[in-house]
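# Examining the three-dimensional arrangement
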Amino acid sequence: MSGPLAALRVIEFAGLGPAPFAAMVLADLGAEVLRITRPGVEPDPRDVTTRSRAALALDLRDPDGAAAALALAARADLLIEGFRPGVMERLGLGPDVVLARRPSLVYGRMTGWGQDGPLAQAAGHDIDYIAISGALAAIGVPGRPPVPPANYLGDFGGGAMLLVVGLLAALHEARSSGRGQVVDAAMCDGAALLSAFMVGWKAQGLWSRPRGENMLDGGAHFYACYDCADGKPIAVGAIEPQFYAELRRRAGLDDPAFDAQLDAGRWPELKDKLAAIFRTRTRAEWCALLEGTDACFAPVLDWDEAPQHPHNAARGNWLEAGGVMQPAPAPRFSRTAARTPEPPTATTLAAALAAWPAR
C-alpha cells in the first residue's frame, strides 16, 4: 500500500456520482477503501470512480447484512454514504448506532440538499443543486438559458471534493480528541462556496453584466474559446496586459481596435474580429504559433485527445487500468506517492474481516 493515507480504513456504501468519487480520491491517496454494494452487482472496470478498491455485496435490508456492515464500520476510520436523509437510520446504520460502536469514526454524508431544510427529502440532481446555489445562473451565453457544466460543479467540485476535505479535517480533529463526528456535505452548499471569487467580484462591481458578458464567463474577447479553420476549438485567456500584448504580437492583432482591451462595450465587436482571425489557420498551426508562450493559449482537447498531448504525457496525467484510459491520481506528493490505480475487485465478508483486524 502506498500514498499519504496508507493504512487509513474507509467503508463506502455504494451510491452514484459524488460519494464514489470521494472514495476514489481517498483510495488513490492510499486509503484502504471497502465498497459495500447490493447483491448481484459486479465490479465494473469501466466505472473509473470505483477503482482501487474491493467490493463486498451485502443485503443491508437483511439483519445479518446490516450487522456485517456495522461490524466492518466498527473497524474503520471513515464512513461514506450518499443516500437520502433517514435511509441509513432505517437500515440501523445511522450515525448514532455506528458512533456508539466506533466513537472515533468520522461519518461522511453526501447529499444534494443536505441533511435538513425544506428540500432535504426532495429528489434532485447536480443541475438542481447548482441552480439554487447561484452558480448555474452565471454559466452560458447571452440571451439564452444557462448551460449546465456537465456535473463538475455539484457532484464533484462542490460535493465530492468538499466531502473529502471535511472527512480529512474531522479525522485530524478526531486524532487529538478521540471523538468522531458527522460531516454533512451538501452539493448546494459546496456549489455556493465555489462561487466565492465571483461573488467577491460582484461586490466590487467587476461582475456586473448579464450572463456571458463578463470577463471570465466568455464575454471578453481575450478570455474565450474559438473555432479554427479545421473546426477544432482553442482557448485564450490573456487577461494581464503583458499577456494580451503577447497574444496581439504573435497573432498579428495590429488593428487599433484591439487597444480597447477592457472596454466591455466593445467586446462583442472584438470577439467577432478575433473569431475571424482564428478561422484563418488550423488548430495545429495556431498551436505551433502560440502554445507554450505567454499568450495564455491552449488547444481545447476532448478525452480522446487529452492523453496524447505532450504535456499530459510528460506528467503522466493519464494512464490505463483494466483496459480503460483514465485520469491519474492527483495531486503529486514528493515522498508518499499516490497508488497506481487498479480495477475494482470483489471480496467476501470473511476476507474483508481478515483484512481489517479489530482495533
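Refer to the structure printed above.
We now turn to the structure provided with this report.

Rules of the game
Residues numbered from 1 in each chain as written. Predicted model: local features only at pLDDT ≥ 70, side-chain atom pairs only at ≥ 80, totals over all residues. Heavy atoms only, no water. Helix = DSSP H or I, 4+ residues; strand = E, 2+ residues; numbered from the N terminus. Buried < 20%, exposed > 50% of the residue type's maximum accessible area, 1.4 Å probe, protein only. Areas by Shrake-Rupley, 256 points an atom, 1.4 Å probe, with all protein chains shown as cover. Arc of directions from axis to C-beta. Contact = heavy atoms within 4.5 Å. Phe/Tyr/Trp six-rings, centres within 6.5 Å; stacked < 30°, edge-to-face > 60°. Lys NZ or Arg CZ within 6 Å of the ring centre and 35° of its normal. Pairing = 2+ DSSP bridges. Axes fitted to C-alpha atoms, helices over the stretch in contact; angles between N-to-C directions. Parallel < 35°, antiparallel > 145°, perpendicular 65-115°, else oblique. Left-handed = near helix turned anticlockwise from the far one by under 90°. Nonpolar A, V, L, I, M, F, W, Y, C, P; charged D, E, K, R; others polar.

## Description of the overall build of the chain
- Helix and strand counts for the chain stand at 13 helices and 12 strands.
- The principal-axis extents of the C-alpha atoms in the chain amount to approximately 75 × 45 × 40 Å.
- In the chain, which comprises 359 residues, the share counted as buried stands at 43%.
- Surface accessibility of the chain: about 17800 Å² in total, with carbon and sulfur atoms responsible for 57%.

## Brief notes about helix H7 (residues 187–194)
- Listing the buried residues of H7 in full gives Met187, Cys188, Gly190 and Ala191. Across the axial projection of H7, the buried residues extend over an arc of 165 degrees, all falling on one side.
- Contact partners of the buried residues in H7: helix H1 (18–28), strand E5 (106–111), helix H5 (126–133), helix H6 (152–177) and strand E6 (182–186).

## Side note on the environment of Ala224
- Residue position: Ala224 is located in strand E7 (residues 223–227).
- Looking at Ala224, the relative accessible area reads 9%, which means it is buried.
- For the pair Ala224 and Ala235, spaced 11 residues apart in the sequence, the C-alpha separation amounts to 5.9 Å.
- Beyond its immediate sequence surroundings of up to four residues, Ala224 is in contact with Gly218, Ile234, Ala235, Val236 and Lys271.

## Describing the packing of aromatic side chains
- Counting across every chain of the model gives 8 aromatic pairs.
- An aromatic cluster is defined as three or more aromatic residues linked by ring pairs; in this entry it consists of Phe197, Trp201 and Trp207.
- The residue whose ring lies beneath Arg281 is Trp286, and the NZ or CZ to ring-centre distance is 5.0 Å.

## Some words on H1
- Of all 11 residues that make up H1, 10 are buried, and the element is covered over most of its length.
- Among all positions in H1, only Pro18, Ala19, Pro20, Ala22, Ala23, Met24, Val25, Leu26, Ala27 and Asp28 are buried.
- Those residues of H1 that are buried lie in contact with strand E1 (9–13), strand E2 (32–37), strand E4 (78–81), E5, H6 and H7.
- Of the residues flanking the end of H1, it is Gly30, one or two places downstream, whose phi is positive at about 105 degrees.

## Focus on the pairing of E5
- The buried fraction of E5 amounts to 6 of the 6 residues, a majority that puts the element mostly inside the structure.
- Residues Val106, Gly108 and Met110 line one face of E5 and the alternating positions Tyr107, Arg109 and Thr111 line the opposite face, and both faces are buried.
- Where E4 lies against E5, 4 bridges are found, and the strand directions are parallel. Within E5, the position partnered with Leu79 by the bridge is Tyr107.

## Side note on the packing of H1 against H6
- One way to put it is that H1 packs onto H6 with a least axis distance of 9 Å and a crossing angle of 50 degrees. Judged on the interaxial angle alone, H6 and H1 are oblique. Like other packed secondary-structure pairs, H1 and H6 cross with a definite hand, here right-handed. Here Pro18, Phe21, Ala22, Val25 and Leu26 of H1 come into contact with H6, specifically with Asp155, Phe156, Ala160, Met161, Leu163, Val164, Leu167 and Leu168.
- The residue makeup of the contact of H1 with H6, split by class, is 12 nonpolar, no polar and 1 charged.

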